[in-house]
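Here's the letter readout for the chains.
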Amino acid sequence: MNTRQWLEQLVAIDTTSRNSNLELITMVRDNLQQQGITPWFAHNKERTKANLFATLPATQGADAGNTQGGIVLSGHTDVVPVDGQKWDSDPFTLTERDGLLYGRGSCDMKGYIAASLALVPEFMAMPRSKPLHLALSYDEEIGCAGAPVMLAELKERGIRPEGCVVGEPTNMQVVVAHKGINVFTCRVHGRSAHSSLTPQGCNAIEHAARLICAIRDFADTYKQNGPYDNLYDVPFSTMTTNQIRGGIAINTIPDLCEFTYEFRNLPGMSPEKIQGQIEQYAREHILPKMQAEYPDARIDIGSIASGPALEAAEQDAITALVRALTGDREQRKVAYATEAGLFQQVGIPTIVCGPGDIIHAHKPNEFVAIAQLQRCEEFLRKLGHSMQAA
């Protein structure tokens, strides 16, 4: 199949993160097996989802069959929901209009996966002295939950790639850094009472609100005082509360309020230190007031998801190679997070470069331009040819 045919097949499978991705990766596995490649899966605990990893061994001379080293082409298979969005065509049917291919995930990031898979026959025929690897993950969109499972399996199997290209949509430009993401849930436990008997209760919503306001104050401090990195579109670390739930009736003091918050830290800033500020404030300023009203009051904070920041070194071979192949010398850093930081964290130098524009991701009528897919194919071909022995 060519890139467009692959993309039609990938978009047609609804891999919204709440669903299984097994149909998609089984289809990919079967295709690769027909080409003599043996992928393996790394499942989640429930075995309802899996990562796929496949190695295309070196093909040249004495190096033929080598599976060590080489470069990983990495993409996530899950997509965000279409619920409540107004689409002009079926989001799970690839539709072309004016040189653009519409469909959920076409940009983020099944276009890159489609191009990588379409070029497998060419990769296998190239005289490469190093292997190429394909890494397809699950649950990136809900906190990079799948990639760590795959990376642990890589370590267990002794596979040591030399570099990785995460194909998130960057308009085929080189992105060398992004922020980290850390998502937490907070459950504030008070005591219920009839609202006419306020002193007998401990209002979980009101105390949660105080902590939420403190989180906003921390965010304002980072905005006003830094640290800053002006290569980012948002040049400081950010913190936001994005969901809240509490209360059962208009005349009942709530005994529980639950909210989620996140922060996106610049590389070099300690996520543990940022989170420590929040927990210290809750422990020293919120909890004593709650327990003065109700001794058994408590605040439980737990991590939902996290992904480390990325800061690729210019001297890394993968950075130099991708810059040479794209001709792109500009330093770009982005506020959104990817799985690239996870690869870097385990010692695999990584950059981000893929087809499409991130501004079209997650929206109704998501699309990728055919011209972007063609640029991606050209880049991947050059990448494969660069792996010939000197």
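Our subject in this report is the structure included herewith. (Residues numbered from 1 in each chain as written. Predicted model: local features only at pLDDT ≥ 70, side-chain atom pairs only at ≥ 80, totals over all residues. Heavy atoms only, no water.)

## Quick word on unusual backbone geometry
Here is step 1 of the chain: Of note, the bond from Asp108 into Met109 is cis; its omega dihedral lies within 30 degrees of zero at -10°.
Here is step 2 of the chain: Here Asn171, not a glycine, exhibits a phi torsion of approximately 60°, which is positive.
Here is step 3 of the chain: Residue placement: Asn171 occurs in the loop between β7 (163-166) and β8 (177-178).
Here is step 4 of the chain: The exposure class of Asn171 is partly exposed, given its relative accessible area of 24%. (Helix = DSSP H or I, 4+ residues; strand = E, 2+ residues; numbered from the N terminus. Buried < 20%, exposed > 50% of the residue type's maximum accessible area, 1.4 Å probe, protein only.)

## Considering the nonpolar core
Here is step 1 of the chain: The biggest cluster of nonpolar side chains holds 81 residues, and the ones touching the most others in it are Val28, Leu32, Val165, Met239, Phe259 and Leu380.
Here is step 2 of the chain: The leading source of residues in this core is helix α6 (residues 204-225), at 8 residues. (Core = buried A, V, L, I, M, F, W, Y, C linked by side-chain atoms within 4.5 Å.)

## A short note on the packing of helix α1 (residues 3-12) against helix α2 (residues 22-34)
Two packed helices can be described by the angle between their axes and the distance between those axes.
Here is step 1 of the chain: Packing of α1 against α2 brings their axes to within 9 Å, and their N-to-C directions diverge by 150°. Here the hand of the crossing between α1 and α2 comes out right-handed. Judged by residue contacts, Trp6, Gln9 and Leu10 of α1 engage Leu24, Met27, Val28 and Asn31 from α2. (Axes fitted to C-alpha atoms, helices over the stretch in contact; angles between N-to-C directions. Left-handed = near helix turned anticlockwise from the far one by under 90°. Contact = heavy atoms within 4.5 Å.)

## Comments concerning the sheet that holds strand β14 (residues 298-307)
Here is step 1 of the chain: With antiparallel pairing, 4 strands are arranged side by side in an open sheet as β11-β13-β9-β14. At either margin of the open sheet sits one strand with a lone partner, and together these are β11 (238-246) and β14. On average, adjacent strands in this sheet sit at an angle of 20° to one another, irrespective of strand direction.
Here is step 2 of the chain: Sheet analysis places strand β9 (residues 180-189) next to strand β13 (residues 256-265), joined by 10 bridges and oriented antiparallel. Looking across to β13, one finds that Asn182 is bridged to Phe263.
Here is step 3 of the chain: Across the sheet, α6 lies against β9, β11 and β13, angled at about 10° from β13, the strand it touches most.
Here is step 4 of the chain: In the packing of helix α7 (residues 271-293) onto the sheet, contacts are made with β9, β11, β13 and β14, and the angle to β14 comes to roughly 165°. (Pairing = 2+ DSSP bridges.)

## Focus on the pairing of β9
Here is step 1 of the chain: Extensive coverage of β9 is indicated by the burial of 9 of its 10 residues.
Here is step 2 of the chain: Examined bridge by bridge, β9 and β14 share 9 bridges and lie antiparallel to one another. Its bridge partner being in β14, Val188 is matched across the sheet by Ile299.

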